[in-house]
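# Observations on the model geometry
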Amino acid sequence: MTGSERAKAALAALADGETRSAAPAVGDAETDDEHRAPADYRSVIERATAATEDVDAAAAFVESVGLERLERAVERAERGVSGLADDGREALAAFERFRVAAAGPVAE
């Protein structure tokens, strides 16, 4: 599957509301399988923010990380009174706009 086909598939899944990812939930005991170190909500929000710059990157983020994980990262940022909570909420709003755009025009 080409990168473009993957992006289209991920956006279609996003439009259908299938935002779950196989990625683990953000939590204190979570580990990043790639690095075997505690995952950091900051990196999730930063990756999401960067991914909103490009549709392919956004689709890849949804596919590899997932919006539920981003939502939990935002919640942790809010509890930690982190300025990243605003960035995370903005990223979530951008992903919602992508979802609406991927769903196509509304039939009247």
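Our subject is the structure that appears above.
Cut-off values and rules
Residues numbered from 1 in each chain as written. Predicted model: local features only at pLDDT ≥ 70, side-chain atom pairs only at ≥ 80, totals over all residues. Heavy atoms only, no water. Helix = DSSP H or I, 4+ residues; strand = E, 2+ residues; numbered from the N terminus. Buried < 20%, exposed > 50% of the residue type's maximum accessible area, 1.4 Å probe, protein only. Contact = heavy atoms within 4.5 Å. Areas by Shrake-Rupley, 256 points an atom, 1.4 Å probe, with all protein chains shown as cover. Expected span 1.5 Å × (residues − 1).

## Concerning the overall build of the chain
The secondary structure content of the chain amounts to 5 helices and 2 strands. In sequence order, the chain lays out its α and β elements as α-β-β-α-α-α-α. A buried classification covers 34% of the 108 residues belonging to the chain. Within the chain, counting contacts between residues at least 6 apart in sequence, those at least 24 apart form 70% of the total. For the chain, the accessible area works out to roughly 6,700 Å², and carbon and sulfur atoms hold 49% of it.

## Describing helix H4 (residues 67-79)
Turn by turn, an α-helix covers 3.6 residues, leaving residues three or four places apart pointing in a common direction. Its 13 residues place the ends of H4 18 Å apart at the C-alpha level, agreeing with the 18 Å of an ideal helix rising 1.5 Å per residue. By the burial criterion, the buried members of H4 are Leu 67, Arg 69, Leu 70, Ala 73, Val 74, Arg 76 and Ala 77. Where H4 ends, the next residue or the one after it, Val 81, has phi of about 50°, a positive value.

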